[in-house]
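Below, each chain spelled out in residue letters.
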Amino acid sequence: MKLNIAVLPGDGIGPEIVTQALEVTKAICSKFNHELSYKEALVGAIAIDKTGVPYPQETHELCMASDAVLFGAIGDPKYDNNPSAKVRPEQGLLKMRKDLGLYANLRPINTFPSLIHKSPLRAELVDGADFMCVRELTGGLYFGRPQGRSEDGNTAYDTCVYTREEIERIVRLSYKLAEQRNKKLTIVDKANVLCTSRLWRQIAQEIEKEFPHIETEYMFVDNAAMQIIQWPKRFDVLVTENLFGDILTDEASVITGSLGMLPSASIGIHTSVFEPIHGSYPQAAGKNIANPLATILSAALMLEYAFDLKEEGALIRKAVDASMDAKVVTEDIASGEKAYSTSEVGEWIINFIKNN
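Residues numbered from 1 in each chain as written. Predicted model: local features only at pLDDT ≥ 70, side-chain atom pairs only at ≥ 80, totals over all residues. Heavy atoms only, no water.

A. Representation of unusual backbone geometry. Cis geometry is adopted by the peptide bond preceding Pro146, which originates at Arg145 and carries an omega value of 10°. Inspection of the secondary structure puts Pro146 in the loop between strand 5 (130–136) and strand 6 (148–149). Although it is not a glycine, Lys183 sits at a positive phi angle of roughly 60°. Structurally, Lys183 is set in the loop between helix 7 (164–180) and strand 8 (184–189). For Lys183, a relative accessible area of 37% gives the class partly exposed. (Helix = DSSP H or I, 4+ residues; strand = E, 2+ residues; numbered from the N terminus. Buried < 20%, exposed > 50% of the residue type's maximum accessible area, 1.4 Å probe, protein only.)

B. Inspection of the sheet that holds strand 8 at higher detail. Taken in spatial order, the ten strands line up as 2-1-3-12-11-4-5-10-8-9 in an open sheet, and their pairing is mixed. The outermost strands of the open sheet, each flanked by one partner alone, are strand 2 (35–40) and strand 9 (215–220). The sheet shows a mean angle of 25° between the axes of neighbouring strands, taken without regard to direction. Those strands touched by helix 8 (residues 195–208) are strand 5, strand 8, strand 9 and strand 10 (237–240), and its axis lies near 170° from that of strand 9. Sitting on the sheet, helix 9 (residues 221–230) touches strand 5, strand 8, strand 9 and strand 10, and the angle it makes with strand 9 is about 105°. (Pairing = 2+ DSSP bridges. Axes fitted to C-alpha atoms, helices over the stretch in contact; angles between N-to-C directions. Contact = heavy atoms within 4.5 Å.)

C. Structural detail: the packing of aromatic side chains. Under the counting rule described, the total for this entry stands at four aromatic pairs. Between Trp348 and Phe352, the aromatic rings sit 5.9 Å apart at their centres with planes inclined by 15°, giving stacked as the arrangement. Remark: Phe352 and Trp348 occur in helix 13 (residues 342–354); sequence separation between them is four residues, near one turn of the helix. Judged by its relative accessible area of 14%, Phe352 is buried. We note Lys310 situated over the ring of Tyr305; from NZ or CZ to the ring centre the distance is 5.5 Å. Of note, Lys338 hangs over the ring of Tyr340, and the distance from its end group to the ring centre comes to 4.6 Å. (Phe/Tyr/Trp six-rings, centres within 6.5 Å; stacked < 30°, edge-to-face > 60°. Lys NZ or Arg CZ within 6 Å of the ring centre and 35° of its normal.)

Below is the structure:
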């Protein structure tokens, strides 16, 4: 198979971790006789510095022409610490989501035996947790209009808007994911208060009839936030709207014990984007100490969801598990033992792939 991907390293540690994920992808393609074609492009703060905009048209055209996008991270202190900045790296991320039609963010939440002690939750609560969070990405408060402030600056307003089409496509996707897993779907809303949530629930109840073999439950977002912490093992696939998903997925990330271990996939109308959920960690940029595993696992998701290469994705996951069992990890999860560099972890995983 020919794999044509766009590579967007971004800011901070982005170039370092994306390099390792790309090298792992090359090793997989070599082992399974796939042809890999890729080009790099600018996004985020580095794009602002070089072109004046965070998501240049040239980058968009490359993404549109690619089968998948491998993405690093964006963000820079010079923009984060400047509240008056008119152009920000995060605007590029929102524009990319909108222009590529990235409507669903998938975040697998699962535990790693060697990291359970790092979770703030008790081991018996998180050991064996394995569920998928599905967040709607293109609607809700982040994109609804009108949005702004009054002339005197003392009142601000955001508008939450959802359409039938937006809700239908992500609920159907979530049911299909549940079919591939343990056949249980939790639909999270705030239908007792919000009109948009009532539309979500109405449409979900219509679609539910098409999937009688899937166990469906409806849960208010405040209850879901509590149950993710109290009983994380009760979930299989969880779907919700943009703002709720943003909050719940970050909350769920603590189950694993490290943000540096969590990949994500943003499924799009035109192409899909695969990225770690952590930020650009500018303090570590260029030091070769950042954890590349979330980005490497994002490459596994890319192989599985963009190219339907299940065996290849599974081998990457197996290699990551093996590296952790062998304690070949970066300083953030080394637990006082020997810490390996970003490139050393990547090289170990590549060698595992070549020999297994």
